[in-house]
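# Structure assessment
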Amino acid sequence: MRISRLVTRTLRDDPPEAETASHRLMLRAGLIQQVAAGVYAYLPLAWRSLQKIEQIVREEMDAAAGQELRMPALQPLELWQQTDRDAAFGDNMFRLEDRRGRPLALAPTHEEVVTNIVKGNVQSYRDLPVILYQMQTKFRDEPRPRAGLVRVREFTMKDAYSFDADDDGLDDSYQAMAQAYRNVFRRCSIPVVMAEADSGAIGGKDSHEFLLPTASGEDTVITCPGCGYAANAEKAEGVYPSQETPDPLPLEEVSTPGIKTIATLAEFLGITEAQTLKAVFYAADGEVVFVTIRGDLEVNEVKLKNALHCNELRLADDEEVERAGLVAGSASAIGLTHIRKIADPSISDGGNFVVGANNPDTHYRNANYPRDFDADIITDIGLTQPGHRCAQCGATLESTRGVEVGHIFKLGTFFSEALGAFYLDTDGQQQPITMGCYGIGVSRILAAAIEQNHDERGIVFPPPIAPYQVHLVGLNMSDENVAQAAGDLYDRLWAVGIETLFDDREDAAAGVKFNDADLIGLPVRLVVSPRNLRQSAVEVRGRTADEAEMVALNDAVGAVRSSLGTAC
RNA sequence: CGGGGUGUAGCGCAGUGGCUAGCGCGCCACGUUCGGGACGUGGAGGUCGGUGGUUCGAAUCCACUCACCCCGACCA
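Every chain's residues receive numbers from 1 upward, in the order its sequence appears when written. Labels follow written order: the first chain is A, the first ligand is 1, and so on. Restriction of local features to residues with pLDDT of at least 70 applies here, the model being predicted, together with a cutoff of 80 or more for giving and counting side-chain atom pairs; totals for whole chains, interfaces and linings are based on all residues. Only hydrogens and water are set aside; all other atoms, that is, all heavy atoms of the structure, feed into the side-chain values.

### Re the packing of helix 1 (residues 21-28) against helix 11 (residues 442-452)
How two helices sit against one another is set out by the angle between their axes and by the gap between those axes. Put simply, the rule reads: Axes here refer to lines fitted to C-alpha atoms; in helices the fit is confined to the stretch in contact. Angles between the N-to-C directions go from 0 to 180 degrees. Numbered from the N terminus, helices here are DSSP runs of H or I no shorter than four residues, and strands are runs of E no shorter than two. By definition in this entry, angles of less than 35 degrees are roughly parallel, angles greater than 145 are roughly antiparallel, angles of 65 to 115 are roughly perpendicular, and the rest are oblique. Any two residues whose heavy atoms approach within 4.5 Å at even a single point are treated as in contact. Think of it as three bins: nonpolar holds Ala, Val, Leu, Ile, Met, Phe, Trp, Tyr, Cys and Pro, charged holds Asp, Glu, Lys and Arg, and polar takes everything else, Gly as well.
Two numbers describe how helix 1 lies on helix 11: the axes approach to 8 Å, and their chain directions differ by 100°. Here helix 1 lies roughly perpendicular to helix 11, going by the angle between them. Residues Ala21, Ser22, Leu25 and Met26 of helix 1 touch helix 11, and the partners they reach there are Leu446, Ala447, Ile450 and Glu451. Of the residues in the contact of helix 1 with helix 11, the class split is six nonpolar, one polar and one charged.

Spelled out as structure tokens, the structure:
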């Protein structure tokens, strides 16, 4: 490609709206252009890179016995009602109607469709296992898109689905996919952490996320420096600091004027936050529920959602709190009726807690479970935090932010049972197919790769996913000798299959060309100039190299080859 | 969904009721330059997000609306 003919141009200045490095650099280098909130056009340079990423994913999926297919993005809503995921996705699913008023959805994922496909084709255990995958545009009406390609409403996803006879088979498929994922991310120069994750409302057994650790990430990952344990914070199991259980004292009211938060309460009474119980009110599918946990701990909303088996969970608003007769700032389970109460086991770790008195400006001292209050559900709803201890080895847990680039699930038989995908086993008995699903955000890989691989000058493309391998710069292109030599070299490079971007602009100064080359960040830069031509040489320089190397014009192609070889 | 912010030329921005709406970059033409974001001369390019209103007069004031960005989805 000749830059004089390339439709996109680079931006001299940083776009003001872009916060994260990948977003900023993709806009500046002319990789993407925004069309709407969370909707981007992939411009020619990005598209070449994305096709390479897709090909890497394809090769690894094929190597793991995956069969590529392509399913429709446009799907009847009825299909989603059969598994009740119409409700589970809620507003996150784009909905529309056809001309007859028939409800349709733009697919956020494809379990329903793929299960129906397999249902019509697999009848016997002899037909299993099967792994199907596709590269496809997914639609999700995210509440808040952000950070360029990191969180968008339309994106390219590789989604794979495994079908096995039983859990042992699923384990094999799952391991094969996990290994394929590691290979993909290694080839794209994204150093991932594989972290345990919540399996969600579907209720599968295992689930793992692949995350790029970076400060700009959206997810919080809890890691253990002792044993290597890693889990998404919403899933992480840890041990919070335990404390002595004192002899119970009588319940006693205490005046706490103006005190509404745990921090001010503890300070006011001269106690630790762990000596209080925190009260939080949630709306679970519209029902206001009361949640309590030890004051120094946080509620893990994913665990809470799982415990309540609800689709939508959010904090209750002021009106709902008032209508439920709850007193924000001074609430506790004591004397509460007509409302579901969920408690974390931490309410029994310690004792003689300070809790709200369900009266403004008033708290109780010495509240103890179950003497003074009860709960309808007692289950782990605590958020594991850095500083807690690892459940496996006891080391102190740490946390990091991360961008999720892949996610794998063991689904079990939820979809096969709901949609009637059965096979006959060796005894001639009908059995539901055991499923797994495996997603990679292809477009997010591009963002993550740039997030990981850039410097102050621009992108540092990993060679396997670079749009072109070589950035050929002709300096002073109005000089006939330069135009001739650079043009010849360009043709020779392409002749041996080396993808080359040729800066043949006559009107751009050297500095402009060098800065653009650094910004776009192809692995190797070649410079043809009058100065170099006087020694019949061309300058070869890796994107991150300190020094350029002079090579005879005739040896340039070979030099590029070896340079790319070492760069890979 | 709540809060904050921004919409003026391709991009970045200025313009608080009064003449033909400006500046930088970019773009076009010619010339000079030519190894890390050159220079000169001349030019092209705007329904000021939209609708309605106030006014002799609106980019500017008011109302509504749309779009986009950021923060929060927050423990009381």
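Having put the structure on the table, let's press on.
### A few points about the protein's contact with RNA strand B
Quick note on the threshold: Distances are taken per atom, and a residue is near a molecule or strand as soon as one of its heavy atoms is within 4 Å of it. Here a polar contact means two N or O atoms within 3.5 Å. Within protein one must be a hydrogen donor candidate and the other an acceptor candidate, and residues neighboring in sequence count only if both atoms are side-chain atoms.
Taken together, 45 residues lie around RNA strand B, and Pro143, Lys260, Gly329, Asp518 and Ser529 are the ones closest in. Those atoms of RNA strand B that come within 4 Å of the protein belong to sugar or phosphate at a rate of 53%. Aspartate 518 places a side-chain nitrogen or oxygen 2.4 Å from a base nitrogen of RNA strand B. Those elements that place two or more of their residues in the surface near RNA strand B are strand 1 (32-36), strand 15 (277-284), helix 13 (510-520), strand 31 (524-528), helix 14 (530-533) and strand 32 (537-542). At seven residues, the largest contribution of residues to the surface near RNA strand B is made by helix 13. Looking at the surface near RNA strand B, its residues break down into 20 nonpolar, nine polar and 16 charged.

### Some remarks on the nonpolar core
Spelled out, the test is: We define a nonpolar core as any set of buried Ala, Val, Leu, Ile, Met, Phe, Trp, Tyr and Cys residues linked to one another through side-chain atoms lying within 4.5 Å. Type-normalised accessible area, obtained with a 1.4 Å probe on protein chains alone, sets the label of each residue: buried when under 20%, exposed when over 50%, and partly exposed for intermediate values. Each domain's extent was defined by an automatic or database domain assignment.
Of all hydrophobic cores here, the largest spans 61 residues; its most connected members are Leu31, Phe185 and Leu446. Sort the elements by how many residues they give to this core and helix 6 (residues 167-187) lands first, with eight residues. Counting contributing residues per domain, this core is built from domain 1 (21-73 + 107-215 + 399-450) and domain 3 (468-567), each supplying no fewer than three. Not counting the four nearest positions on each side in its chain, leucine 31 is found in contact with Met26, Ala41, Tyr42, Leu43, Leu45, Ala46, Ile450, Ile459 and Phe461. Ranked by size, the runner-up nonpolar core spans 25 residues in total, among them Met71, Leu411, Tyr423 and Cys437.

### Side note on unusual backbone geometry
Between leucine 128 and the following residue, proline 129, the backbone shows a cis peptide bond with an omega angle of 0°. In this structure, proline 129 sits in the loop between helix 5 (111-119) and strand 7 (130-139). Positioned with a positive phi, alanine 147 is a non-glycine residue whose angle comes to about 55°. Relative to the helices and strands, alanine 147 resides in the loop between strand 7 and strand 8 (154-164). Located in the positive-phi region is serine 536, a residue other than glycine, with phi close to 50°.

### What about the sheet that holds strand 6 (residues 103-106)?
What counts is decided by this rule: By this definition, two strands are paired if DSSP reports at least two bridges between them.
What the three strands build is an open sheet, ordered 4-6-5; its pairing is antiparallel. The sheet is open, and its two borders are formed by strand 4 (74-76) and strand 5 (94-97), each paired with just one other strand. The sheet shows a mean angle of 35° between the axes of neighbouring strands, taken without regard to direction. Pairing of strand 4 with strand 6 involves three bridges; the strand directions are antiparallel. Looking at the pairing, glutamine 75 lines up with alanine 105 of strand 6.

### Section: the pattern of salt bridges
Convention followed: Note on definitions: salt bridges are taken to be side-chain nitrogens of Lys or Arg within 4 Å of carboxyl oxygens of Asp or Glu.
Applying the stated criterion across every chain, the model contains 33 salt bridges. Salt-bridge contacts for lysine 410 lead to aspartate 171; the nearest nitrogen and oxygen are separated by 2.6 Å. Of this pair, lysine 410 sits in strand 23 (residues 398-412) while aspartate 171 sits in helix 6; the two residues are 239 residues apart in sequence, bridging distant segments of the chain. On the accessibility criterion, aspartate 171 (29% relative accessible area) is partly exposed. One salt bridge in this structure joins aspartate 372 and arginine 371, with 2.9 Å as the shortest N-O distance. A relative accessible area of 17% means that aspartate 372 is categorised as buried. Here the residues in one salt-bridge network are Glu142, Arg146, Arg151 and Glu218, joined through shared partners.

### Brief notes about the pairing of strand 31
Regular strands place side chains that alternate from one sheet face to the opposite one. Counting buried positions along strand 31 yields five of five residues, so the element is predominantly enclosed. Of the two faces of strand 31, the one lined by Val524, Leu526 and Val528 and the one lined by Arg525 and Val527 are each fully buried. As paired elements, strand 29 (residues 470-474) and strand 31 share five bridges and run parallel to each other. Looking across to strand 31, one finds that glycine 474 is bridged to valine 528. The pairing of strand 31 with strand 32 spans four bridges and is antiparallel. Note that in strand 32 the partner of valine 527 across the bridge is glutamate 539.

### Things to note about the packing of aromatic side chains
Worth spelling out the cut-off: Classification of ring pairs uses Phe, Tyr and Trp, with its six-membered ring standing for Trp, and accepts pairs whose centres are within 6.5 Å; under 30 degrees between planes counts as stacked, over 60 as edge-to-face, and the remaining range as tilted. Remark: a charge is flagged as sitting over a ring if the NZ atom of Lys or the CZ atom of Arg is within 6 Å of the ring centre and within 35 degrees of the ring normal.
This structure, assessed with the given rule, holds ten aromatic pairs. The interplanar angle of 90° and the centroid separation of 5.6 Å between the aromatic rings of tryptophan 80 and phenylalanine 89 together place this pair among those described as edge-to-face. On the basis of relative accessible area, tryptophan 80 is assigned to the buried category, the value being 0%. Judged by centre distance (6.1 Å) and plane angle (90°), the ring pair of tyrosine 181 and phenylalanine 185 falls under edge-to-face. Highlighted residues: tyrosine 181 and phenylalanine 185, both in helix 6, separated by four residues, approximately one helical turn. What makes tyrosine 181 buried here is its relative accessible area of 0%. Seen from the ring of tyrosine 468, arginine 48 lies directly overhead, with NZ or CZ sitting 4.1 Å from the centre. We note lysine 410 situated over the ring of tyrosine 174; from NZ or CZ to the ring centre the distance is 4.9 Å.

Read these as spatial facts, not as claims about activity.
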